[in-house]
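Listed below, chain by chain, are the residues.
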Amino acid sequence: MVPISYRRHRFPPVVIQHAIWLYLRFTLSYRDVEDLLGERGLEVSYESVRSWVLKFGPVIARRLRQLRSRPSKRWHLDEMVVRIAGRRMYLWRAVDHEGEVLDMLLQRRRDKRAALKLMRKPLRKHGFAPRVIVTDKLRSYACAFQQLRLTCRHEQGLRKNNRAENSHQVVRRRERKMQRFKSAASAQRFLSIHAAVHNTFNLQRHLVSRATLRIFRAEAATQWQSAIAAA
């Protein structure tokens, strides 16, 4: 990996890295991050935080995705409605059975073509077909599944896709905090960055012991430090 260059920035890399981590890790606005840094005696404007996230966020997210292990072979696909500039759009998302975001795609339609586009992306990115794909009863999934000629099992049901439904809650919280997304391009860019950070720090703490949680936290911190390594 080529180290990230923080040259020609007034603040040291540790301040920039901490500001980016605060914004992406927690449900905070740019002004919230400005206030938190101000409590530590750092006079950083929210516009500076915004420019840092836009500049370094995509690079950090790409590195975090490279450091992640292979996802499980049980995938959940679902879509949610988002309002962008008064227009109704659909955020299509693929997650595995542990809630790790495999891919997401913002599209205007809810048809077979949109479902095909979503299903092809994680298949191409991860290089293998899952053992089971779980969806709701939207017919677009069945049509796309048939056209791709996948041999894995396709499960549909009322409550079988709760894993994907619950994973939408994180996006909804960010959407409310940001007072809705302003454009499709900015929403796609932010959500792809946010998904990579969420995957790193989503530790399923209610399923593991305290000792195991400490180990997972240390591994997540190591991945984050590797992703933000400076030149």
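Refer to the preceding data block for the structure.
We now turn to the structure provided with this report. None of these values were measured; they are calculated from a predicted model.

Calculation rules
- Residues numbered from 1 in each chain as written.
- Predicted model: local features only at pLDDT ≥ 70, side-chain atom pairs only at ≥ 80, totals over all residues.
- Heavy atoms only, no water.
- Disulfide = S-S within 2.5 Å.
- Buried < 20%, exposed > 50% of the residue type's maximum accessible area, 1.4 Å probe, protein only.
- Helix = DSSP H or I, 4+ residues; strand = E, 2+ residues; numbered from the N terminus.
- Core = buried A, V, L, I, M, F, W, Y, C linked by side-chain atoms within 4.5 Å.
- Contact = heavy atoms within 4.5 Å.
- Pairing = 2+ DSSP bridges.
- Axes fitted to C-alpha atoms, helices over the stretch in contact; angles between N-to-C directions.
- Patch = residues over 30% accessible without salt bridge, like charges linked within 9 Å, V, L, I, M, F, W, Y side chains within 5 Å.
- Areas by Shrake-Rupley, 256 points an atom, 1.4 Å probe, with all protein chains shown as cover.
- Salt bridge = Lys/Arg side-chain N within 4 Å of Asp/Glu carboxyl O.
- Lys, Arg positive; Asp, Glu negative; His and termini not counted.
- Charge placed at Lys NZ, Arg CZ, Asp CG, Glu CD.
- Right-handed = clockwise from strand over helix to strand, strands pointing away.

Let us look at the state of the cysteines. Using the criterion set out here, one finds 0 disulfides in the structure. The structure places no disulfide on C143, whose sulfur is separated from the nearest cysteine sulfur, that of C152, by 16 Å. In this structure C143 comes out as partly exposed when scored by relative accessible area, which is 36%.

What follows is about unusual backbone geometry. One non-glycine residue, R8, lies in positive phi territory at about 65°. With respect to the element layout, R8 can be found in the segment before helix 1 (13-25).

Moving on, we get to the nonpolar core. Ranked by size, the top nonpolar core spans 48 residues in total, and within it I20 and I60 carry the most contacts. The greatest single-element share of this core, amounting to 8 residues, is contributed by helix 7 (residues 184-201). Those residues in contact with I60, other than ones at most four positions away along the chain, are I4, I20, W224, A227 and I228. By size, the runner-up hydrophobic cluster in this structure holds 20 residues, among which are A115, L118, F128 and F145.

An order of 3-2-1-4-5 is seen for the 5 strands of this open sheet, with the pairing classed as mixed. Either end of the sheet is taken by a strand with one partner, and the two such strands are strand 3 (101-107) and strand 5 (153-156). Shown here is a sheet whose adjacent strand axes are inclined to one another by a mean of 20°, direction ignored. Docked against the sheet, helix 5 (residues 139-148) engages strand 1 (74-84), strand 2 (87-96), strand 4 (132-135) and strand 5, running at close to 175° with respect to strand 5. Contacting strand 1 and strand 2, helix 6 (residues 162-177) runs over the sheet at an angle of about 35° to strand 1.

This part covers a positive patch on the surface. Residues R25, R205, R210, R214 and R217 make up a contiguous surface patch of positive charge. Tracing the backbone shows R210 in helix 8 (residues 210-227).

Residue alternation in strand 4 divides its side chains into two sets, V132 and V134 and I133 and T135, and both sets are buried. As paired strands, strand 4 and strand 5 are joined by 4 bridges and run parallel to one another. Looking across to strand 5, one finds that V134 is bridged to E155. Handedness of the β-α-β unit built from strand 4, helix 5 and strand 5 comes out right-handed.

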